[in-house]
Amino acid sequence: MERARMLRITRRFFEERDVLEVQMPVLGRHAVTDPAIECIRTEDGRFLQPSPEYHMKRLLAAGGPSIFSIGPVFRADEAGRWHNTEFTMLEWYHLGFDADDLMRELAALTDALLGPSDYERRTFASLTALDIDDATTDELDLAIAVAVARLRDKRVFVTRYPARQAALARISNGVADRFELVIDGIEVANGYHELTDVEELARRLTADNLARCERDRSVPDIDRAFLAAHARGLPDCAGVAVGFDRLVALKIGARAVADVMPFPDGRA
Amino acid sequence: MAIYATNEFRAGLKVLLEADPCSIIENEFVKPGKGQAFNRVKFRNLKTGRVWERTFKSGETIEAADVMEAEMEYLYTDGQFWHFMKTDGSYEQVEAGDAAVAQARDWLKEQDTFTVTLWNGDPISVTPPNFVDLEVAETDPGLRGDTAQGATKPATLSTGATVKVPLFVNIGDVLRIDTRTGEYVSRVKS
């Protein structure tokens, strides 16, 4: 099966680059503050993890080497052609890398998995006619999402995100060091030159929660252990999360992630 | 007036878009990893048949259109309107204009049953059944001895429609026509 073959290629790819595989918890005490992500809460008050990011960064701060993880993640209320509540996330952090280094590494892995191709680079600003300073975050989100869906039949890195859409990327010269990989109009990966400044991180998590309040979303407690890891010191690194099921679907030309999952939502 | 939110969107839903009644063909949920969810929706404009694509932020709403479909018998035309009668026993009649019958015009035979789409009670489109049986009003006599496979000639049917038919078809024959393609299917024994 294609998925098994692609998993083997991925593991070999990272072995050759001395990136260590780690297995991160599926169940955690904390939900993320990201204003656009809703976690699934379990009966004992814990959360199915929407990404291994927090735990992986704690490992890195504890002195770990470059690491990768392939595992299930969960997001509430996300169901559709390219969405499944539970999906497989490939995420890795490469020490000493910046966003450019990581884009090259992601392109190399994508070539290994899907076959070689060219990669275009488009800045966020070049994809929208909106004035980035004047438009609301919602307007920008929508405009970019629509523009990205039109990037058919090619592989495109979208770069230079507006500062307020930095998520956990560092900001340099007023622009977020964040990128996304879009293949055939489908968002496949999201990466950052990682923010390491603990005070800036605390500000962003608080701002996230304010935005969640405004949207009437649940407001999670801020993960102290995650903050503490940054206080101890997150090493300079770049990290990226890849929707693995989408890659498998693109590889076999499927038109929905459900086509590459034996038990998608509704059948699992 | 009823409204629908994006999470209620599904294929077949009848809604008002730019004041025209539309039917949702396809509704796709899209959510950027770090952004707001939205729905990309394809609509068919029920008056023109045109397909529109629109994007909605999740949670946005759209007005419902009072659109229903009814099986109706075609009665007659007075030259300006085409008159239909409900087959549900109510004998209720409606008159459909030019635009509404455009798609069905070639196949309108009296006493046949059609699907009429009504918006606020007024007919906006008439859909013929997939197959109709119609009598040949006029065609050239078939040339005896010409047995070439697939050879055809034009025939004019009782409704005025012209279709290509095999050479053996004669005036007065009843033919089954596929209304989706406008093609001859078979001769109907009567």
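Details of the structure are given in the entry above.
From a predicted model like this one, the values you see are computed outputs, not experimental measurements.

Here the focus is the overall build of chain A. For chain A, the helix and strand inventory stands at 7 helices and 14 strands. For chain A, with 268 residues in total, the buried portion stands at 55%. Within chain A, residue pairs in contact and separated by at least 24 positions form 69% of the contacts whose partners lie at least 6 positions apart. Here chain A has roughly 12200 Å² of accessible surface; of this, 49% comes from carbon and sulfur atoms. Put simply, chain A has 35 plus and 45 minus side-chain charges, and the middle of one group is 3 Å from the middle of the other.

Bringing the interface of chain B and chain A into the picture now. A common way to state how big an interface is: give the accessible area lost once the parts meet. Contacts between chain B and chain A engage 14 residues on the former and 24 residues on the latter. In total, chain B and chain A occlude about 1600 Å² of area from one another, counting both sides; carbon and sulfur atoms represent 53% of this. Summed over the three residues of chain B that lose the most area to chain A, namely Phe29(B), Lys34(B) and Gln36(B), the buried surface amounts to 42% of that side. Our count for the chain B to chain A interface comes out at 4 salt bridges. The tally of links between chain B and chain A comes to 6 residue pairs in polar contact (both at pLDDT 80 or more). At the level of secondary structure, the elements contributing two or more residues to the side of chain B that touches chain A comprise strand 3 (20-30), strand 4 (38-45) and strand 5 (51-57) of chain B. Here the element with the most residues in the side of chain B that touches chain A is strand 3 of chain B; it accounts for 4 residues. Partitioning the side of chain B that touches chain A into residue classes produces 4 nonpolar, 4 polar and 6 charged.

Turning to the pattern of salt bridges, a few remarks are in order. Pairing of side chains with opposite charge becomes possible as their charged atoms draw close. Counted by the stated rule, this structure contains 30 salt bridges over all chains. In this structure, Glu28(B) engages Arg81(A) in a salt bridge whose closest nitrogen and oxygen atoms are separated by 3.9 Å. Taken as a pair, Glu28(B) in strand 3 and Arg81(A) in the loop between strand 5 (67-74) and strand 6 (86-95) lie in two separate chains rather than in one. A residue is classified by how much of its surface remains accessible, and Arg81(A), at 24% relative accessible area, is partly exposed. Here Asp101(A) ties to Arg104(A) by a salt bridge, and the two come within 3.1 Å at their closest N and O atoms. Taken together, the residues Asp101(A) and Arg104(A), both in helix 3 (residues 99-114) and 3 residues apart, mark about one turn of the helix. Given the relative accessible area of 51%, Arg104(A) is considered exposed. Residues joined in a network through salt bridges with shared partners are Arg81(A), Glu26(B), Glu28(B) and Arg40(B).

It is worth spelling out the environment of Ala19(B) at this point. Along the chain, the position of Ala19(B) falls in the loop between strand 2 (14-17) and strand 3. The exposure class assigned to Ala19(B) is exposed, which follows from its relative accessible area of 57%.

A negative phi holds for most residues other than glycine; trans holds for most peptide bonds. Residue and element names in this part refer to chain A. Despite not being glycine, Asn 173 has its phi angle at roughly 55°, a positive value. One can find Asn 173 in the loop between strand 10 (171-172) and strand 11 (175-176). On the accessibility criterion, Asn 173 (79% relative accessible area) is exposed.

With that settled, the discussion passes to empty space enclosed by the protein. Enumeration over the complete set of coordinates arrives at 1 cavity of 30 Å³ or more. Roughly 430 Å³ of internal volume is contained in the largest cavity. Lining the largest cavity are 30 residues, and of these Arg75(A), Phe87(A), Met89(A), Glu187(A) and Gly33(B) lie nearest its centre. Here the residues of the lining of the largest cavity sort into 13 nonpolar, 7 polar and 10 charged.

Okay, helix 1 (residues 2-16) of chain A next. All names here are of chain A. Helix length check: helix 1, at 15 residues, gives a terminal C-alpha distance of 21 Å against a target of 21 Å (1.5 Å per residue), a fit within 8%. Residues Arg 3, Met 6, Ile 9, Thr 10, Phe 13 and Phe 14 constitute the buried set of helix 1. Looking straight down helix 1, one finds its buried side chains confined to an arc of 125°; they lie on one side. The exposed set on the far side of helix 1, more than 90 degrees from its buried face, consists of Arg 8, Glu 15 and Glu 16. Lining the buried residues of helix 1 we find strand 5, strand 6, helix 3 and helix 7 (244-252). Where helix 1 terminates, the next one or two residues include Asp 18, which has phi positive at roughly 55°.

Moving on, we come to the sheet that holds strand 10 of chain A. Residues and elements named next belong to chain A. Spatially, 3 strands are ordered 9-11-10 in an open sheet, and the strand pairing comes out antiparallel. Each end of this open sheet is capped by a strand with a single partner; those strands are strand 9 (161-162) and strand 10. Both strand 10 and strand 11 contribute to a ladder of 2 bridges, which runs antiparallel. Within the sheet, the bridge partner assigned to Ser 172 lies in strand 11 and is Val 175.

Moving on, we come to the layout of surface pockets. By rolling a water-sized probe across the atoms, one finds the places where empty space is left. The calculated volume of the largest pocket comes to roughly 770 Å³. Forming the walls of the largest pocket are 40 residues, and the residues nearest its centre are Ala149(A), Arg152(A), Gly185(A), Val30(B) and Arg40(B). Those elements that place two or more of their residues in the lining of the largest pocket are helix 4 (137-149), strand 12 (178-183), strand 13 (186-193) and helix 7 of chain A together with strand 3, strand 4 and strand 5 of chain B. Per element, the largest residue contribution to the lining of the largest pocket is 6 residues, and it comes from helix 4 of chain A. A class-by-class count of the residues in the lining of the largest pocket yields 15 nonpolar, 7 polar and 18 charged.

Rules used throughout
- Residues numbered from 1 in each chain as written.
- Chains lettered and ligands numbered in written order.
- Predicted model: local features only at pLDDT ≥ 70, side-chain atom pairs only at ≥ 80, totals over all residues.
- Heavy atoms only, no water.
- Helix = DSSP H or I, 4+ residues; strand = E, 2+ residues; numbered from the N terminus.
- Buried < 20%, exposed > 50% of the residue type's maximum accessible area, 1.4 Å probe, protein only.
- Contact = heavy atoms within 4.5 Å.
- Areas by Shrake-Rupley, 256 points an atom, 1.4 Å probe, with all protein chains shown as cover.
- Lys, Arg positive; Asp, Glu negative; His and termini not counted.
- Charge placed at Lys NZ, Arg CZ, Asp CG, Glu CD.
- Buried area = accessible area lost by both parts, 1.4 Å probe.
- Salt bridge = Lys/Arg side-chain N within 4 Å of Asp/Glu carboxyl O.
- Polar contact = N/O pair within 3.5 Å; in protein donor to acceptor, adjacent residues only side chain to side chain.
- Nonpolar A, V, L, I, M, F, W, Y, C, P; charged D, E, K, R; others polar.
- 1 Å grid on protein atoms, 1.4 Å probe; cavity = no way out; pocket = protein on both sides within 12 Å on 5 of 7 lines; lining within 4 Å.
- Points joined across faces, edges and corners; volume = space filled by probe spheres on them.
- Expected span 1.5 Å × (residues − 1).
- Arc of directions from axis to C-beta.
- Pairing = 2+ DSSP bridges.

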